Amino acid sequence: MADAADFQGTSASPARRWLRRTGALLAGAPLLAGLLQLSAAAPADAAGQEAPQAVGGTGSVAVAVDSLTPTAPTDGDTVTVRGTVTNNGKQAVTDAHVDLRVGPSLDTRSSIDALAKKSDDVQGPAGKAVGGKYSEKFSKLTPGVAEPFNISVPADELDLGPDGVYQLAVALSGETSAQPWDQVLGVQRTFLPWQPEEAGTKTKTTFMWPLTSTVHMTAETGSNEQQTPVFRNDDLAEEIARGGRLDQMVSLGKGLDITWVIDPDLLASVDAMTRNYEVRSEDGTTTPGRNQAVAKQWLAELQQAVTGKEIVALPFGDPDLASLAHNGTNVTGSLNHLKDATDAAVSTVETILHVEPSTDFAWPADGAVDPSIVKVATSAGADKVIARSDSLQDNLSYTPSAARPVGGGTTAVVADSRMSTAFQGNLTKASASTLAVQRFLAQSLALGLQSGKQRSVVVAPQRMPSVSQAQAMAQALGTLQSGNWAESQDLADAAKAKPDPAANTKVPSTRAYPASLRNQELLRAGFEQIAETQGKLDRFKVILTDQSRVVTPFGRAMNREMSTSWRGRGVAAAGYRDDVESYLDGLTDGVKLIEKSETKLSGRSATIPVTVQNNLVQGVEHLELRLTSKNPTRLKIGDDAYEEQRVTVNGGHSQSVKFTTSANANGQAKVVAQLYTEDGQKYGAPVTFDVKVTEVTATVMLVIGGGVLLLVLAGFRMYTQRKRAAAREADEDGTAEADDDAENPQNPEAPGDRLKQETDAGSRAEGPEQPSDPAPDTAAENADPSGTGERVDR
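Residues numbered from 1 in each chain as written. Predicted model: local features only at pLDDT ≥ 70, side-chain atom pairs only at ≥ 80, totals over all residues. Heavy atoms only, no water.

This part is about the packing of helix α7 (residues 264-273) against helix α10 (residues 334-353). Relative to each other, α7 and α10 sit at 45°, their axes nearing to 9 Å. For the element pair α7 / α10, the angle class is oblique. For the pair α7 and α10, the sense of crossing is left-handed. Where α7 abuts α10, its residues Pro264, Leu267, Ala268 and Asp271 lie against Ala345, Thr348, Val349, Ile352 and Leu353. (Axes fitted to C-alpha atoms, helices over the stretch in contact; angles between N-to-C directions. Helix = DSSP H or I, 4+ residues; strand = E, 2+ residues; numbered from the N terminus. Parallel < 35°, antiparallel > 145°, perpendicular 65-115°, else oblique. Left-handed = near helix turned anticlockwise from the far one by under 90°. Contact = heavy atoms within 4.5 Å.)

One finds Phe540 and Leu625 to be the most contacted residues of the largest nonpolar core, which totals 68 residues. Among residues more than four places away in sequence, those in contact with Phe540 are Val550, Leu584, Leu587, Thr588, Leu616 and Tyr683. Ile240, Met273, Met419 and Ala442 belong to the second largest nonpolar core, which has 64 residues in total. (Core = buried A, V, L, I, M, F, W, Y, C linked by side-chain atoms within 4.5 Å. Buried < 20%, exposed > 50% of the residue type's maximum accessible area, 1.4 Å probe, protein only.)

Another point: the sheet that holds strand β2 (residues 78-87). The antiparallel open sheet is built from 3 strands, whose spatial order is β1-β2-β6. Both outer strands of the open sheet, β1 (61-69) and β6 (146-154), are each paired with one neighbouring strand and no more. The average undirected angle you get between the axes of adjacent strands in this sheet is 20°. One ladder, built from 8 bridges, connects β1 with β2; its direction is antiparallel. Looking at β2, one finds that Val63 is bridged to Val85. (Pairing = 2+ DSSP bridges.)

Let us now look at the side chain of Asp113. The residue Asp113 is located in helix α4 (residues 109-117) in this model. The exposure class assigned to Asp113 is buried, which follows from its relative accessible area of 14%.

The next point concerns the confidence of the model for the protein chain. Of all residues in the protein chain, 82% attain a pLDDT of 70 or more, and the chain-wide mean is 85. This stretch, residues 1-55, has a pLDDT under 50; its non-local contacts, to residues over four places away or in other chains, come to 44 contacts. (pLDDT = per-residue confidence, 0-100.)

For strand β7 (residues 164-175), the buried fraction is high: 12 of the 12 residues fall into the buried class. Judged by which residues are buried, β7 turns out to be covered on both faces: Gly164, Tyr166, Leu168, Val170, Leu172 and Gly174 on one side and Val165, Gln167, Ala169, Ala171, Ser173 and Glu175 on the other are all buried. Examined bridge by bridge, strand β3 (residues 93-106) and β7 share 9 bridges and lie antiparallel to one another. Opposite Arg101, over in β7, you have Ala169 as the bridge partner.

Residues Asp75, Asp156, Glu157, Asp163 and Glu197 make up a contiguous surface patch of negative charge. Structurally, Glu197 is set in the loop between β8 (183-194) and β9 (203-211). For Glu197, a relative accessible area of 57% puts it in the exposed group. (Patch = residues over 30% accessible without salt bridge, like charges linked within 9 Å, V, L, I, M, F, W, Y side chains within 5 Å. Areas by Shrake-Rupley, 256 points an atom, 1.4 Å probe, with all protein chains shown as cover. Salt bridge = Lys/Arg side-chain N within 4 Å of Asp/Glu carboxyl O. Lys, Arg positive; Asp, Glu negative; His and termini not counted. Charge placed at Lys NZ, Arg CZ, Asp CG, Glu CD.)

The grouping of Leu709, Leu710 and Leu713 at the surface amounts to a nonpolar patch, some 320 Å² of accessible area in total. Tracing the backbone shows Leu710 in helix α20 (residues 698-743).

Moving on: the environment of Arg556. The topology assignment puts Arg556 in helix α18 (residues 548-560). Spatially, the C-alpha atom of Arg556 lies 9.3 Å from that of His337, the residues being 219 residues apart in sequence. At 3.0 Å, the side chain of Arg556 and the side chain of Asn559 are in polar contact. (Polar contact = N/O pair within 3.5 Å; in protein donor to acceptor, adjacent residues only side chain to side chain.)

With that settled, consider the pairing of strand β25 (residues 620-629). Pairing geometry for β25 and strand β27 (residues 642-649), over 7 bridges, is antiparallel. Bridge pairing in β27 places Thr628 opposite Tyr642.

Bringing the pattern of salt bridges into the picture now. Under the defined criterion, the tally for this structure stands at 26 salt bridges. Here Glu239 and Arg245 are joined by a salt bridge, their closest N and O atoms 2.8 Å apart. When sorted by exposure, Glu239 lands in the same class as Arg245, which is buried. With a shortest N-O distance of 4.0 Å, Lys536 and Glu532 are connected by a salt bridge. Of the two residues, Lys536 and Glu532 are both situated in helix α17 (residues 524-541); the distance of 4 residues between them amounts to about one turn of the helix. Look at Glu532 and you get partly exposed, because its relative accessible area is 42%. Three or more residues joined by partner-sharing salt bridges are found here, namely Glu532, Lys536, Glu581 and Asp585.

So, about helix α13 (residues 430-448). Because each turn of an α-helix spans 3.6 residues, side chains separated by three or four positions in sequence point in the same direction. Taking 1.5 Å per residue as the helical rise, α13 with its 19 residues ought to reach 27 Å, and the 27 Å between its terminal C-alpha atoms agrees with that figure. Among the 19 residues of α13, 15 are classified as buried, and the element is accordingly described as predominantly covered. (Expected span 1.5 Å × (residues − 1).)

Applying the stated rule across the entire model yields 6 aromatic pairs. When the ring of Phe423 is compared with that of Phe440, the centres are 5.2 Å apart and the planes differ by 40°; the resulting orientation is tilted. Within this pair, whereas Phe423 is found in the loop between α12 (417-420) and α13, its partner Phe440 is found in helix α13, the two being separated by 17 residues in sequence. Of the two residues, Phe423 and Phe440, neither departs from the other in class, the shared state being buried. Its end group placed over the ring of Trp363, Arg463 keeps NZ or CZ at 4.2 Å from the ring centre. The ring of Phe316 has Arg556 sitting right over it, with the charged end atom 5.3 Å from the ring centre. (Phe/Tyr/Trp six-rings, centres within 6.5 Å; stacked < 30°, edge-to-face > 60°. Lys NZ or Arg CZ within 6 Å of the ring centre and 35° of its normal.)

Attention shifts here to unusual backbone geometry. Cis geometry is found at the peptide bond from Thr69 to Pro70, where omega equals -10°. Within the secondary structure, Pro70 is located in the loop between β1 and β2. Even without being a glycine, Asp159 presents a positive backbone phi close to 55°. Residue position: Asp159 is located in the loop between β6 and β7. Despite not being glycine, His622 shows a phi value in the positive range, around 60°. Topologically, His622 is positioned in strand β25.

Further remarks concern the environment of Asp490. Tracing the sequence through the fold places Asp490 in the loop between β21 (486-488) and α15 (491-496). The spatial distance from the C-alpha of Asp490 to the C-alpha of Glu310 is 6.7 Å, given a sequence separation of 180 residues. Filtering out sequence-adjacent residues up to four positions away, Asp490 remains in contact with Thr206, Thr259 and Glu310.

So, in structure tokens, the structure goes:
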């Protein structure tokens, strides 16, 4: 009886309890031997009296309450309890019966918590049995076999008193061969909210309905005009398909009065699936996605569900505010990503859902706050932070309203921790789901009965409820919104409610932040890698003719790198960051210089070509190519040690840039080619090659000139000699032909004509041929490295 009194709140001093228990033990010692020899069964209790209790533990029979309807009965209702009893012992249970037992009213919220912790303890009080015909009997319960039960009792028979939360226990009593008397062998306690009439003052309740997911899209896009997105996997299709987690969140939420809390990245990802998209496989290849119809249907249903409802948009990607506050603020650019994510949220929601969302609320993980988290949360424009009462605690005998000022124009909207965590854990079993629903309703009613003042309460459940959790949430919320003690309220109105002057407004220190949550955070190294990726993107984008094709997908990918969904998944988060950075490196390397081998320079001056290759689909500009001689005393580039030229290359093409050089001495000179952006930053890797200078001297030129002159003179002498010989032959032939002509006057051809023809024929036979058309002096573009011993243009 002392334990029962303590449980109900009538506590005695520890010393008195110890004396009572010690006295009882001493008084009962002489009877112990006799009790052990009893073979007859202990007499069963009369109806309406406490049954004999088993000795501790959960009992040998498991009792599962699979459903309790209605969840919050009123006058005239019939309470129906369905479930199963399973004999987990080694002996059969005979003369078994299942009873409903109603305990006293639970006056405090802490008493509800205490009862929930030992809901199946057969040693605790089970209350009075309703008895009579409102029980179900079993002649025998075989070990390992589950037997169903179904008990219906009019609410009037439960003998409920004034408004309040009552303990409702389902107890299995019976006998075993080892203990042949009637005793409680298994019990399951739950809660029965009792508010048969409209409450004079209803609790205004806000229920946040989160639509978030893990990261699904990569930074990679196709080279086509539509920039086909690439997904990490096809898991999102499973979530939005019929029966999937996100499908259930939408279909259940559309019938409830809730505040939708949405991650715009989820909307953007599903919207991308409505068109062509690719899915990356485990082997790195991509295949076309095939769930466009599913994505379109889910978005259409969501658009219909949110019509006329309050929508709160989280920053794009749902960045982890606590990780950013604790590990990222000292890393350059981290806060800028939060601002970009907030700006992107509004445009994304408006474009896809055609409604204007609110971005006034920041939601740290599990509602845990400290001064640094509040500062970061409000840095991007939000002036309201959703905290939780187990973080911003109150030392009051009642639950105050959610809103309270915490300084600097910031309002903390403190969600109730008991109601917010009611649906966590595995709720796939009907019994677990039923207990969660009844506990939630019990906490809500107990809160409303604490005082006669109206209060605003906010419920912020876990970010990604499972299907079973969402179904339990919807069932509880449906009862709450149709019940007699609560009414719905938007989150914005809850934030504007008059604060309770007695409520705590001091944000806990950073040292009070839970270690379990801190261990899940994104580390500083992660933010440093994000900053490094951003730096590479900044250097890359300045050369592009269409920056949006690269800046937008990579900007959104870096928002996703900070997502709260990475908590507890550090290895996966690091892998995603590596993939984003690696893909950017690949694009950056698409614009590069072609390697060159040793170049030979013969003469005092020549031009050296350097080729820039652009493997991107878009053109590049705002680049300068600098060619530098490491030995300018031997080889100059232009008029100095180096020369720069502006470079513009179309997508998928190469461009050769020629530099004028001048040699001052023979030998080898090292030359470096390097691309620069307009702001003087190096771009890509340099190309280094050697130039071998072979200078032609004046003496050599004189020798060559003398040789050419001798060749000309020799040719002229040969020509004059042949001309004289031909003339002599012509004279001799003319004399002979004159004699022939005299003998043959019929020959009309003059002697001189034949000589001319023969001379012309000889000239044609021995003279040089006409040269063909010269070959083009510009070779076709070739992106391959230049050959060994390349000679430059002079």
